[in-house]
Amino acid sequence: MTLENLQLPLATMLDLASGDMDPYALVVERRLSHMAEAYHDRAAVTAAAGEDPVIYRAYEADVPHEASQLVYRMTIIEPGRIGDEFYMTKGHHHVVDSGEFYLGTAGTGAVVMQTRSGEVRVEEMPPGRAVYVPPGWAHRSVNVGTEPFVFLAVFFGNAGHDYASIERDGFAVRVLADGDGYRVG
Ligand SMILES: O=P(O)(O)OC[C@H]1O[C@](O)(CO)[C@@H](O)[C@@H]1O
Ligand SMILES: [Fe+2]
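Residues numbered from 1 in each chain as written. Chains lettered and ligands numbered in written order. Predicted model: local features only at pLDDT ≥ 70, side-chain atom pairs only at ≥ 80, totals over all residues. Heavy atoms only, no water.

### Overview of empty space enclosed by the protein
Short version of the rule: A cavity here means a set of points on a 1 Å grid, drawn over the protein atoms and nothing else, where a 1.4 Å probe fits but cannot get out; a pocket is an open set with protein on both sides within 12 Å along at least five of seven lines, and a residue lines either one if it has an atom within 4 Å of a point. Grid points are joined across faces, edges and corners, and a volume is the space filled by probe spheres set on the points. Classes in brief: Ala, Val, Leu, Ile, Met, Phe, Trp, Tyr, Cys and Pro nonpolar; Asp, Glu, Lys and Arg charged; the others, Gly included, polar.
The tally for this structure, following the rule as stated, stands at two cavities of 30 Å³ or more. Of the voids in this model, the largest cavity is the one considered here, and its volume is about 40 Å³. Around the largest cavity, the lining residues are His93, His94, Asp97, Ser98, Val133, Pro134, Pro135, Gly136, Trp137 and His139. Tallied by class, the residues present in the lining of the largest cavity amount to four nonpolar, five polar and one charged. In terms of lining residues, the second largest cavity is bounded by Glu85, Met88, Val112, Arg140, Val142, Phe171, Val173, Arg174 and Val175. Of the residues that constitute the lining of the second largest cavity, the class distribution is six nonpolar, no polar and three charged.

Written as C-alpha cells, this is what we have:
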C-alpha cells in the first residue's frame, strides 16, 4: 500500500471542560450582531447591541470539508440571556441531509431540533450525554446554565450549513428563563 493518496491520521487534544483544542482553528465566533434577528425581545437586543457580546465560538480540527470525512468541533456557548431568552446558536439545516453527533462535555445545555414539517424535539446535553441529530432535523444549541456550555460535534464533511430557512422562519419553540431553570415556550 502506498501513502500517496492517503491522508495521514490526525490526533487532537480536547479539553472537555473548557472546549479548547490543540491543534485547532477558530471557525466560528458569533456575536449578537451576527444573529440579532434570532432573539424575540427586540428591546433587549437593542439594549445589548452596544456591548455586542460574543455568544459562542467553535474550534475545529483540520479535517477537509469533503464527502467521506468526519469533521469534529468543540463549541462553547457563553452563559447569558437576551431578555428572557438564553444565549444560543443561530441554528441550521445541513445542505446535504445528514446526521450529526453531539456530546455534552461541560455546563448545562440543550439542543432544539426541528423538521421541515415543524416537528420539534428538545434534548438536554449535560456532560456525558450524547445526542444524535438525525438527517432532516435543523438544530440549535442553547446554554441554559450559568457556566459556559461546551459540546463536541461530529458531522459529515460535505454536510454544509443551510441557514436560510431558519433565518426566515425561526424555530417553533424558544428556550426561556423560568426562575432558576428554563422552559420551552
Ligand atoms: O452553525 P451555527 O448554527 O452558527 O452553530 C454552530 C455550531 O453548530 C454546529 O455546526 C453543529 O451543528 C457546531 O459544530 C457549531 O459549532
Ligand atoms: Fe450541524
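Following the structure, the description resumes.
### Observations regarding the coordination of the iron ion (ligand 2)
Stated precisely, the cut-off is as follows: Atoms are scored as donors when they are N, O or S and lie within 2.8 Å of the metal, with 3.2 Å used for Na, K and Ca; no water is included, so coordination may look incomplete. Accessible area is worked out with a 1.4 Å probe on protein chains only. A residue is then buried under 20% of its type maximum, exposed over 50%, and partly exposed in between.
The protein atoms that coordinate the iron ion (ligand 2) are His92 (NE2), His94 (NE2), Glu100 (OE) and His139 (NE2), at distances spanning 2.1 to 2.2 Å. Mapping the donors of the iron ion (ligand 2) onto the primary sequence gives the spacing H-x1-H-x5-E-x38-H. Just as His92 is buried, Glu100 falls in that class too.

### Focus on the site of ligand 1
Which entries qualify depends on this criterion: A molecule or strand has a residue near it when one of that residue's heavy atoms lies within 4 Å. Any pair of nitrogen or oxygen atoms within 3.5 Å is treated as a polar contact; in protein, a donor-acceptor pairing is required on top of that, and neighbouring residues in sequence qualify only through side-chain atoms on both sides. Accessible surface area values rest on a Shrake-Rupley calculation with a 1.4 Å probe, where residue burial reflects the displayed protein chains alone. Numbering goes from the N terminus for both helices and strands, where a helix is a DSSP run of H or I of at least four residues and a strand is a run of E of at least two.
If you check the shell around ligand 1, you find 16 residues, and the closest are Tyr56, Thr75, Gly91, Glu100 and Tyr163. Taking Gly91, its main chain carries an N or O atom lying 2.8 Å from an oxygen atom of ligand 1. Starting from 380 Å² of accessible surface for ligand 1 in isolation, the protein chains cover 99%. Broken down by secondary-structure element, the contributors of at least two residues to the shell around ligand 1 are β4 (54-60), β5 (70-77), β8 (100-106) and β13 (149-156). Classifying every residue of the shell around ligand 1 by side-chain character gives six nonpolar, six polar and four charged.

### Thoughts on the sheet that holds β13
So the rule is basically this: In this description, strands pair whenever DSSP reports at least two bridges between them. To obtain each axis, a line is fitted to C-alpha atoms, and for helices this fit is confined to the stretch in contact; angles are then taken between N-to-C directions over 0 to 180 degrees.
The six strands lie next to each other as β3-β4-β5-β13-β8-β11, forming an open sheet whose pairing is antiparallel. The open sheet has two edge strands, β3 (25-31) and β11 (130-133), and neither has a second partner. Sheet twist, expressed as the average angle between the axes of neighbouring strands with direction ignored, equals 20°. Bridging between β3 and β4 involves six bridges; their strand directions are antiparallel. When the sheet's bridge partners are listed, Ala25 is paired in β4 with Glu60.

### Some words on the packing of aromatic side chains
Heads up, the condition is: Note on aromatic contacts: the rings of Phe and Tyr and the six-membered ring of Trp form a pair at centre separations within 6.5 Å, being stacked when their planes are under 30 degrees apart, edge-to-face when over 60 apart, and tilted otherwise.
Scanning the model with the defined rule gives three aromatic pairs in all. A centroid spacing of 5.0 Å and a plane angle of 65° characterise the contact between Tyr102 and Phe151, whose relative ring orientation is edge-to-face. Highlighted residues: Tyr102 in strand β8 and Phe151 in strand β13, separated in sequence by 49 residues. Taking the relative accessible area as the measure of exposure, Tyr102 reaches 4% and is therefore buried. Members of the aromatic cluster, each reached through a chain of ring pairs, are Tyr102, Phe149 and Phe151.

### A few points about the confidence of the model for the chain
This is how it is decided: Residue-level confidence of the predictor is summarised by pLDDT, bounded by 0 at the bottom and 100 at the top.
Averaged over all residues, the pLDDT of the chain equals 96, while 98% of them reach at least 70. On the interface metric, ipTM, the complex scores 0.94, and its pTM is 0.96.

### Re the sheet that holds strand β10 (residues 120-124)
Read from one edge of the open sheet, three strands run β10-β9-β12, paired in antiparallel fashion. Of all the strands in the sheet, the pair left with one neighbour each is β10 and β12 (137-143). If you compare each strand with its neighbour and ignore which way they point, the axes differ by 20° on average.

### Let's talk about the environment of Val122
The line we're drawing: Contact criterion: two residues are considered in contact whenever any of their non-hydrogen atoms come within 4.5 Å of each other.
Structurally, the position occupied by Val122 is in strand β10. Overall, the relative accessible area of 27% leaves Val122 in the partly exposed class. For the pair formed by Val122 and Thr46, sequence separation is 76 residues and the distance between their alpha carbons is 28 Å. Setting aside residues no more than four positions away along its own chain, Val122 makes contact with Ala110, Val111, Val112, Val173 and Val184.

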